[in-house]
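Chain and residue survey
So you can see what is in the structure, the chains are spelled out below.
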Amino acid sequence: GDYLYVTNNSGTSWTQTTQGLTTSEINTISTEGTTVYVGTDDGVFKSTDSGTSFTFSGLTGEYVNKVYVKSPNVFAYTTTGIYKSGDNGSTWGPFQPLISYADILDFAVSGNRVFATTAGELISTNTSIANWQANAALTSSNVSYTFGV
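This text gives an overview of the structure that appears in the document. (Residues numbered from 1 in each chain as written. Predicted model: local features only at pLDDT ≥ 70, side-chain atom pairs only at ≥ 80, totals over all residues. Heavy atoms only, no water.)

Another aspect to go through is the nonpolar core. Core analysis: the biggest nonpolar cluster contains 13 residues, and Phe75, Ile82, Phe95, Phe107, Val109, Val114 and Trp132 have the highest contact counts within it. Within the residue set of this core, elements represented by two or more residues are strand E8 (73-78), strand E11 (106-110) and strand E12 (113-118). It is E11 that provides the largest number of residues to this core, a total of three residues. Counting residues in each nonpolar core, the second largest holds 10 residues, with Val44, Val67, Ala76 and Tyr83 among its members. (Core = buried A, V, L, I, M, F, W, Y, C linked by side-chain atoms within 4.5 Å. Buried < 20%, exposed > 50% of the residue type's maximum accessible area, 1.4 Å probe, protein only. Helix = DSSP H or I, 4+ residues; strand = E, 2+ residues; numbered from the N terminus.)

Right, dumping it as structure tokens:
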């Protein structure tokens, strides 16, 4: 399986961590301090002890492609769209207006902006409410990936 391994000595040694994970299919990892969010084939799991143990955070049955955290906000890009938690993963809801998963090619969060690439354009909104706007400088059929810095 795709189990998670943790190091606390700059990679000299690694320890497999599975405590609290109910699936071995890990698709994405996002960290902030000692908090780790893992997107899986069955939702989001959260660790508050640097990945030693996990608890289920939410989105049961969702295949989570990417997770981004900027506390207290956590965003998850799933097979049914983008979801947001405004309370560090305790509760989740659709990031409205919801963009169809079929339309999203990639997704990223940077600062207070959420970005998504769709059929040939980069769209963005702020992290508090989904008011998607196209980026006029990047509206062509060759926009496929986004990344945050």
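Right, let's talk about the sheet that holds strand E5 (residues 43-47) for a bit. Read from one edge to the other, the open sheet built from four strands follows the order E3-E4-E5-E6, with strand pairing classed as antiparallel. Two strands lie at the open edges of the sheet, namely strand E3 (26-32) and strand E6 (55-58), each paired on one side alone. Here the average twist between neighbouring strands, direction ignored, is 30°. The pairing of E5 with E6 spans three bridges and is antiparallel. Counted as the bridge partner of Lys46 is Thr55 from E6. (Pairing = 2+ DSSP bridges. Axes fitted to C-alpha atoms, helices over the stretch in contact; angles between N-to-C directions.)

Here we come to the side chain of Thr78. Secondary-structure assignment places Thr78 in strand E8. Take Thr78: its relative accessible area is 0%, and that puts it in the buried class. Here Glu62 takes part through its side chain, which lies 3.1 Å from a polar atom of the side chain of Thr78. Within polar-contact distance, the side chain of Thr78 engages the backbone nitrogen of Thr80 at 3.1 Å. (Polar contact = N/O pair within 3.5 Å; in protein donor to acceptor, adjacent residues only side chain to side chain.)

Let us now look at the pairing of strand E4 (residues 35-40). By the criterion of burial, E4 is predominantly enclosed, with six of the six residues buried. Between E3 and the antiparallel strand that follows it, E4, lie two residues; Gly33 among them carries a positive phi value of about 65°. Strand direction decides the pairing type here: E4 and E5, joined by five bridges, are antiparallel. Bridge pairing in E5 links Gly39 to Val44. Joining the antiparallel neighbours E4 and E5 is a turn of two residues.

Now for the pairing of E8. Summarising burial for E8: six of the six residues are buried, a large majority. Between strand E7 (residues 64-70) and the antiparallel strand that follows it, E8, lie two residues. With five bridges connecting them, E8 and strand E9 (residues 81-85) associate as antiparallel partners. Its bridge partner being in E9, Phe75 is matched across the sheet by Lys84. Linking two consecutive strands that pair antiparallel, namely E8 and E9, is a turn of two residues.

An order of E7-E8-E9-E10 is seen for the four strands of this open sheet, with the pairing classed as antiparallel. Of all the strands in the sheet, the pair left with one neighbour each is E7 and strand E10 (93-94).

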